[in-house]
Amino acid sequence: MKKIIISTIAVSALLFTVSCNTDFDTDVKDIVVTKGEADFSKYVALGNSLTSGYRDGALYIDGQNESYPSMMAQQMKLVGGGDFKQPLMADNNGGLLLNIGASNLQIANTKLYIDSFIAGAPDIKNANNNIATNVANTVLTGPFNNMGVPGARVSHLLAPGYGNVAGVLAKTANPYFVRFASSPTTSVIADFKTQKPTFFSLWIGNNDALLYALAGGDSSVEALTPPAQFTQYYNLLISEIATTNAKGVVANIPSVTSIPSLTTIPTNPLTSAVLGGGNVAAGEANIDNLNTNLYGPLNQILTVFGAGDRIKLLSKTAANPLLIKDESLPDLKLQITAAAAASGNAQLVALATYLGNTYGQARQAKAGDLVPLTTKSEIGKTEPTALAALSARGVSYPFADKYILIPSEITEINTAIDAYNVTIKAAAASKGYAFVDANKKMNELGSQSGVSWDGVRYTAKFVTGGAFSLDGVHLTGRGYAIIANEFIKSINTTYKSNLPQVDPNKYSGVKFP
């Protein structure tokens, strides 16, 4: 099957303007800026990719320079804040290679960019032909004020040896922390404490749920951190931070099931044109073939067992849903196998066992399911374990668990996040730290009205919303500015300072060709 492109709204909607009302206070230059009860002379930021400035699927210099901690540090300088040093990447492409013997293994891709538009949809590619930088060639000398480590969970910030290059392949270490750890045996929190910060920010925990969500809720790929374990590690982390006597601000975790990466691809992208690789007539012929030889027979068999709604015939005039495996369904493989064997149809008889094993928990996707953005490129690809004639993923072969989030998994993830956020807010309150409700702000971005600044509206719409980068998970410079302002507002309220907010419109959004 040819490359499938899911259409988006017109690019012109990117900077849709609204009234002069704004969700932020305007930066008033005549006001005397004061630090209040805070000391910003040594500000250090802890976190994961969101703290590092990661965007467009990679960490690269321009993104790092527009990280929300960097923006905050600039405002802190107005009241005695010091320099803010970041572990900058080697270039503006991003990506990482790991030296293994005589060869290099690519362990992180370069950034995404829009190469062109095809039928109104962005054709997204990796920069620099996806040629990355070797980790060993870019080890830096610190200390660094931005200690955001892409991919880190809460427990990782406490782990000794998390910056040991020897542990990268085994996933006991992180290649980004390898680049700026003070030694192979240190931990992120140890390096943080050594700097003796006077002020800190902490935004961590997203990956404890996010990685599991992006893996379609497949625990064999990524695990969801149990809430009790999250609480144990988070409280331990807060206790370690508290030993520095620094004042600070912490943020909670947004619902990962509302980000563009999980809400952009529809559950029903299979039109006649898509199924024909752009040729409607060919797509209609494919639909006839699928209905006759797969969907029709399966629907008849499943109907006998009261499950006819799992798989229905494909339409030539409407968009059709993806075919998926739902492990929460009763497995009807024995029933399908027996019915096919007794059908009298030579083709079904020959495939009886295969049909039962493959489609026993298959169904068509429906409202309530979520399709990760990364699944788009897998639609129609050949499943190597399948029969050649029935091997198109999501079309004739059910998408495996890792490609789709079903309602029970979504509930599981959001329940965990709710519990995480209770822990985070309680920890902040117990130490008197400022608290940022990042979940609330992200929900505002996800609403129809979005968030506005000086006539520019920002939403969570993929590509055109202005706030999220091309990976659908991380923010643009403008999106990070929105978050920086939430941190600044909370700091000002808690510590009686009046740091001015930043202007999101001055930072970069999604770049178009």
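Residues numbered from 1 in each chain as written. Predicted model: local features only at pLDDT ≥ 70, side-chain atom pairs only at ≥ 80, totals over all residues. Heavy atoms only, no water.

Draft legend 1. Up close: the overall build of the protein chain. Along the backbone of the protein chain there are 16 helices and 14 strands. Dimensions of the protein chain, computed from the C-alpha atoms along their principal axes, are close to 85 × 50 × 45 Å. Relative to its 513 residues, the protein chain shows a buried fraction of 54%. Excluding contacts between residues fewer than 6 apart, the proportion of contacts in the protein chain whose partners are at least 24 apart in sequence is 75%. Carbon and sulfur atoms make up 53% of the accessible area of the protein chain, which amounts to about 21100 Å² in all. If the 38 positive side-chain charges of the protein chain are averaged to one point and the 37 negative ones to another, these points end up 2 Å apart. (Helix = DSSP H or I, 4+ residues; strand = E, 2+ residues; numbered from the N terminus. Buried < 20%, exposed > 50% of the residue type's maximum accessible area, 1.4 Å probe, protein only. Contact = heavy atoms within 4.5 Å. Areas by Shrake-Rupley, 256 points an atom, 1.4 Å probe, with all protein chains shown as cover. Lys, Arg positive; Asp, Glu negative; His and termini not counted. Charge placed at Lys NZ, Arg CZ, Asp CG, Glu CD.)

Draft legend 2. The arrangement of the sheet that holds strand S9 (residues 247–251) in detail. As summarised here, the arrangement of the five strands in space is S7-S1-S8-S9-S12, forming an open sheet in which the pairing is parallel. The outermost strands of the open sheet, each flanked by one partner alone, are strand S7 (146–148) and strand S12 (434–436). Put simply, the sheet's adjacent strands are angled 15 degrees from each other on average, direction ignored. (Pairing = 2+ DSSP bridges. Axes fitted to C-alpha atoms, helices over the stretch in contact; angles between N-to-C directions.)

Draft legend 3. Main features of the nonpolar core. The biggest cluster of nonpolar side chains holds 98 residues, and the ones touching the most others in it are Leu202 and Tyr234. For this core, the element with the highest residue contribution is helix H16 (residues 477–495), accounting for nine residues. With near-sequence residues (within four places) excluded, Tyr234 lies in contact with Val154, Leu202, Ile204, Val250, Thr423, Ile424 and Ala427. If you look at the next biggest cluster of nonpolar residues, it comprises 44 residues, including Leu298, Tyr354, Leu355 and Val371. (Core = buried A, V, L, I, M, F, W, Y, C linked by side-chain atoms within 4.5 Å.)

Draft legend 4. Summary view of the side chain of Ser67. Among the secondary structure elements, Ser67 is positioned in the loop between helix H2 (61–65) and helix H3 (68–76). By relative accessible area, Ser67 is classed as buried at 0%. Contacts of Ser67, omitting those with residues within four sequence positions, involve Thr51, Ser52, Gly53, Gln86 and Asn146.

Draft legend 5. Up close: unusual backbone geometry. With omega at 10 degrees, the peptide bond leading from Gly142 into Pro143 counts as cis. Note that Pro143 resides in the loop between strand S6 (133–134) and S7. Here the phi dihedral of Asn128 falls at roughly 60 degrees; this positive angle occurs in a residue that is not glycine. Turning to its location among the elements, Asn128 is positioned in the loop between strand S5 (121–126) and S6.

Draft legend 6. Representation of the sheet that holds strand S2 (residues 96–100) within the structure. The three strands are arranged S3-S2-S6 in an open sheet whose pairing can be described as mixed. Each edge of the open sheet is held by one strand with a lone partner, namely strand S3 (103–108) and S6. As paired elements, S2 and S6 share two bridges and run parallel to each other. Residue pairing for S6: Leu96 is matched across the bridge by Thr133.

Draft legend 7. Spotlight on H3. With eight of nine residues buried, H3 lies mostly within the body of the structure. Within H3, burial applies to Tyr68, Pro69, Ser70, Met71, Met72, Ala73, Gln75 and Met76. Of the surrounding elements, those touching the buried residues of H3 are strand S1 (43–47), helix H1 (49–52), H2, S7, strand S8 (199–203) and H16.

Draft legend 8. Examining the packing of helix H7 (residues 227–242) against helix H14 (residues 407–431) more closely. Axis separation between H7 and H14 bottoms out at 10 Å; the angle between their running directions is 25 degrees. The angle between H7 and H14 falls in the class roughly parallel. Judged by the twist between their axes, the crossing of H7 over H14 is right-handed. Contacts from Pro227, Phe230, Thr231, Tyr234, Asn235, Ile238 and Ala242 in H7 reach Ala416, Ala419, Tyr420, Thr423, Ile424, Ala427 and Lys431 in H14. Within the contact of H7 with H14, the residues separate by chemical class into 10 nonpolar, three polar and one charged. (Parallel < 35°, antiparallel > 145°, perpendicular 65-115°, else oblique. Left-handed = near helix turned anticlockwise from the far one by under 90°. Nonpolar A, V, L, I, M, F, W, Y, C, P; charged D, E, K, R; others polar.)

Draft legend 9. Representation of the packing of helix H11 (residues 333–341) against helix H13 (residues 352–359). Relative orientation of the contacting elements H11 and H13 amounts to 155 degrees, with a least axis distance of 7 Å. Comparing their axes, H13 and H11 come out roughly antiparallel. Read as a crossing pair, H11 and H13 show a hand that is right-handed. Only Ala352, Thr353, Leu355, Gly356, Asn357 and Tyr359 of H13 make contact with H11, whose side of the interface consists of Lys333, Ile336, Thr337, Ala340 and Ala341. Residue composition of the contact of H11 with H13, by class: six nonpolar, four polar and one charged.

Draft legend 10. Structural detail: the pattern of salt bridges. Taken as a whole, this structure holds 15 salt bridges when the rule is applied. In this structure, the salt-bridge partner of Glu444 is Lys441, at a minimum N-O distance of 3.0 Å. Of the two residues, Glu444 and Lys441 are both situated in helix H15 (residues 438–446); the distance of three residues between them amounts to about one turn of the helix. By sharing partners, the salt bridges in this structure join Glu378, Lys381, Glu383 and Arg393 into a single network. (Salt bridge = Lys/Arg side-chain N within 4 Å of Asp/Glu carboxyl O.)

From the geometry alone we can't say anything about function, so treat these as descriptive.
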